[in-house]
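# Summary of structural features
Here are the chains, one letter per residue:
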Amino acid sequence: MRCSEAQEFTQRLLDGEDLGHDGVRLGVHLARCPRCAAEHGALKDLDGVLRRSLRPHPAPVPLASLALDLGGAAGSLRRPAAGTGGRRSWPLALCAAGLVAATAMLIVVPRLWPSGTQRWLGSAPGHTTAVAEVSAGWDSLHVFEPHTNVSHVATAAEALPSDSMAWAMGLEPVVLSIASTGRLRLSADAVISLGADEITLHKGWVRADLSGRTRPFTIRTHAGVITSRDALLRVELPVRAQRVEVFVRSGTVQIRTHGKELQLGPGESIALEPAASGAPVRAL
Amino acid sequence: MAQSALCPTTATDLELAARSQAGQQAAFEALLARHYDSMYGLARYLLENPEDALDAVQEACVRAYESLGRYDPARPFGPWLRGIVVHVCRDLGRRLRRRSVRAAQEEQPDQPLEHARSVAGTELVQQVVREALRTVPESYRLPLVLFYLQEASVREIGETLGLRAGTVRVRLHRAREMMRKRLDGQLPRGPEAAPVPGGGE
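Residues numbered from 1 in each chain as written. Chains lettered and ligands numbered in written order. Predicted model: local features only at pLDDT ≥ 70, side-chain atom pairs only at ≥ 80, totals over all residues.

### Quick notes on the overall build of chain B
Along the backbone of chain B there are nine helices and zero strands. Tracing chain B from N to C terminus, the helices and strands come up as α-α-α-α-α-α-α-α-α. Expressed as a percentage of the 201 residues in chain B, the buried residues total 33%. Of all intrachain contacts in chain B linking residues separated by at least 6 positions in sequence, the fraction that spans at least 24 positions is 64%. (Helix = DSSP H or I, 4+ residues; strand = E, 2+ residues; numbered from the N terminus. Buried ≥ 20, exposed ≤ 12 C-beta atoms within 10 Å, placed from the backbone. Contact = placed C-beta atoms within 7 Å.)

### With respect to the overall build of chain A
Secondary structure summary: chain A contains five helices and 17 strands in total. For chain A, the proportion of its 284 residues judged to be buried stands at 33%. Counting contacts in chain A only where the partners sit at least 6 residues apart, residues at least 24 apart contribute 42% of the total.

### Considerations on the nonpolar core
One finds Ala 43, Ala 56, Val 57, Ala 60, Val 85, Cys 89 and Val 145 of chain B to be the most contacted residues of the largest nonpolar core, which totals 56 residues. Setting aside its immediate chain neighbours within four residues, Cys 89 of chain B contacts Ala 43, Leu 46, Leu 47 and Ala 56 of chain B. (Core = buried A, V, L, I, M, F, W, Y, C linked by C-beta atoms within 7 Å.)

### Examining the environment of Val 131 of chain A
Residues and elements named next belong to chain A. Note on placement: Val 131 falls in strand β1 (residues 130-136). Residue Val 131 is classed as buried on the basis of its 24 C-beta neighbours within 10 Å. For the pair formed by Val 131 and Ser 162, sequence separation is 31 residues and the distance between their alpha carbons is 5.7 Å. Residues within four places of Val 131 in sequence aside, it is in contact with Leu 160, Pro 161, Ser 162, Ile 178, Ala 179, Leu 194, Gly 195 and Ala 196.

### Description of helix α6 (residues 125-134) of chain B
Within α6 of chain B, burial applies to Val 129, Ala 132 and Leu 133 of chain B. One side of α6 of chain B carries all its buried residues, which in axial view fall inside an arc of 100°. Structurally, α6 of chain B contributes buried residues whose contacts are with α3 (34-53) of chain A together with α7 (138-148) and α9 (165-183) of chain B. (Arc of directions from axis to C-beta.)

### Looking at unusual backbone geometry
All names here are of chain A. Even without being glycine, Asp 197 reaches a positive phi, approximately 60°. By the element assignment, Asp 197 lies in the loop between β8 (191-195) and β9 (198-209). Overall, the presence of 18 C-beta atoms within 10 Å leaves Asp 197 in the partly exposed class. A positive phi angle, close to 50°, is found at His 258, a residue other than glycine. Following the sequence through the fold, His 258 ends up in the loop between β14 (253-257) and β15 (260-264). Residue class for His 258 comes out partly exposed when judged on the 13 C-beta atoms lying within 10 Å of it.

### Considering the packing of helix α1 (residues 13-21) of chain B against helix α2 (residues 25-47) of chain B
The relative placement of two packed helices is expressed as an angle between their axes plus a distance between the axes. All names here are of chain B. The N-to-C vectors of α1 and α2 enclose an angle of 140°; their axes lie 7 Å apart at closest approach. For the element pair α1 and α2, the recorded crossing hand is left-handed. Contact residues: α1 offers Asp 13, Leu 16, Ala 17, Arg 19 and Ser 20, while α2 offers Ala 27, Phe 28, Ala 30 and Leu 31. Class assignment for the residues of the contact of α1 with α2 results in six nonpolar, one polar and two charged. (Axes fitted to C-alpha atoms, helices over the stretch in contact; angles between N-to-C directions. Left-handed = near helix turned anticlockwise from the far one by under 90°. Nonpolar A, V, L, I, M, F, W, Y, C, P; charged D, E, K, R; others polar.)

### A short note on the pairing of strand β13 (residues 244-250) of chain A
Remember that side chains alternate between the two faces of the sheet whenever the strand is regular. Residues and elements named next belong to chain A. Within β13, five of the seven residues are buried, which leaves the element mostly enclosed by the surrounding structure. Strand direction decides the pairing type here: strand β12 (residues 232-237) and β13, joined by five bridges, are antiparallel. From the neighbouring strand, Leu 232 faces β13, where its bridge partner is Ser 250. Sheet analysis places β13 next to strand β16 (residues 269-272), joined by four bridges and oriented antiparallel. Bridge pairing in β16 places Val 244 opposite Leu 272. (Pairing = 2+ DSSP bridges.)

### A word on helix α8 (residues 154-161) of chain B
Residue and element names in this part refer to chain B. Of all the residues in α8, the buried ones are Val 154, Ile 157, Gly 158, Thr 160 and Leu 161. Considered in projection along α8, the buried side chains sweep an arc of 165° and stay on one side of the axis. Gly 162, located one to two residues past α8, shows a positive phi value of around 70°.

### Quick word on the pairing of β12 of chain A
Residue and element names in this part refer to chain A. Within β12, five of the six residues are buried, which leaves it mostly tucked inside the rest of the structure. With six bridges connecting them, β9 and β12 associate as antiparallel partners. Within the sheet, the bridge partner assigned to Asp 209 lies in β12 and is Leu 232. Linking two consecutive strands that pair antiparallel, namely β12 and β13, is a turn of six residues; a positive phi of about 60° is found at Arg 240 within it.

### A few points about the confidence of the model for chain A
Residue and element names in this part refer to chain A. Averaged over every residue, the pLDDT of chain A is 75; the share at 70 or more is 73%. Residue range residues 71-89 is modelled with pLDDT below 50. Its contacts to residues more than four positions away, or to other chains, number 19 contacts. Counting interchain partners and residues more than four positions distant, the pLDDT-below-50 stretch residues 109-127 has 19 contacts. (pLDDT = per-residue confidence, 0-100.)

### Quick look at the environment of Arg 2 of chain A
Residues and elements named next belong to chain A. Tracing the backbone shows Arg 2 in the segment before α1 (3-14). A residue is classified by how many C-beta atoms lie within 10 Å of it, and Arg 2, with 12 of them, is exposed. With 34 residues separating them in the primary sequence, Arg 2 and Cys 36 have C-alpha atoms 9.8 Å apart.

### Brief notes about the environment of Arg 171 of chain B
Residue and element names in this part refer to chain B. Along the chain, Arg 171 falls in helix α9. C-alpha separation for the pair Arg 171 and Arg 141, spaced 30 residues apart in sequence, amounts to 8.6 Å. Contact partners of Arg 171, with chain neighbours within four places excluded, come to Ser 139, Tyr 140 and Pro 143.

### Overview of the confidence of the model for chain B
Should pLDDT be low for a region, the predicted coordinates there are not to be read in detail. All names here are of chain B. Here chain B averages 75 in pLDDT, while 74% of its residues score no lower than 70. Across chain B, α9 holds the top mean pLDDT of 91, while helix α5 (residues 111-116) sits lowest at 34. Of the regions scoring below 50 in pLDDT, residues 107-123 engages in 13 contacts with residues more than four places distant in sequence or in other chains. Note on residues 189-201: pLDDT under 50 across the span, and 25 contacts to partners over four residues away in sequence or across chains. Prediction confidence for the complex, expressed as pTM and ipTM, is 0.48 and 0.72 respectively.

Set out below in structure tokens:
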């Protein structure tokens, strides 16, 4: 057996192929050829590393939650038998429904919010208080309001009540105007919960312009609480990491983490680690 | 929906697929339950984000339901379903890349942050492997992920990706070579893996 054949058989062995008699020939060759034996060993090492490292991630939610959604979709899809031409009829129905909904929205929304945006801020009817307004990227933002138990896509200049949860899922950046002055810009994958003069950041990043506020504004995260009334700052939860990163462009920021109080000034940044971490705070 | 007798645990994929094609939604849901973890695991590796992976799985479920009429019962169901997951992940991945490029352009002043967070946690072998895998071109990465993560055979990978077995083998071999080069010096190596001078015939 030549070395080139040995290399080919090694790869086929890794592919899970049963080499039969060629396997014996390969073994004989490897016993006599140190270079091929080393190559074979290195590939087997790599194979082992890949098998150990590429492990499936457990699904974070049960199938039942997806199956419910599928049930809804399937019910409206009315899957036809193979080969029929009706399979694509549902997008037309969807478009028609969307058109009707958009028309209704054009008629209804202006009546709900006749003019201006500050009118509702902090004084929304009902038992919740509006704490922010969607000023850009409204079609990219999904909102869940616990008191109605309904989620929907945000509309232009929509008032977001406290206790609501919002997550960005579109292509456009999402900007929220917050009560008592200030703006929040959310990443396209951000997930936040809204409160009075505060948000909790669950995912993604938020850039907050808090200059000119009369009251402090707070950004809560799993690793610390960030408060300011005049800062331009960015708070990020990096993907695949537990830490929280805080960058301050201007103004001052107070941070409370693991019982410690910190203050950051312009140009300063910090990484906050969760409680289980050995070093809860470190400079970036 | 009223169903005839169906035992999701003992029925084969093909039996469930046939019932699904006959319009039994419960049979289709049983199929999804059987392949859910596999679908999610694949999507998770291709998209690298749990939420995106769930979106992809959900979209793949709907697409699979829509496409049941085109499923050929003569072929195994798993690779067919994985093929749909791969297509959905490709579509979603393209949209996400466009989004991230746009976000990066908009967030130009914050670039130092990206540099600042590139170092943490790289000691873990799994992370090193994933980072290396990310740099492998998709046409080579997909067979590798299907082979190692999904434990799919060369034939099943071919059915999932619409490739011939020979092409799958070549891509697997090249993908291993790429991974080997990328991981060179980054992982501890066994004594038998050390280069041996001389030898050869």
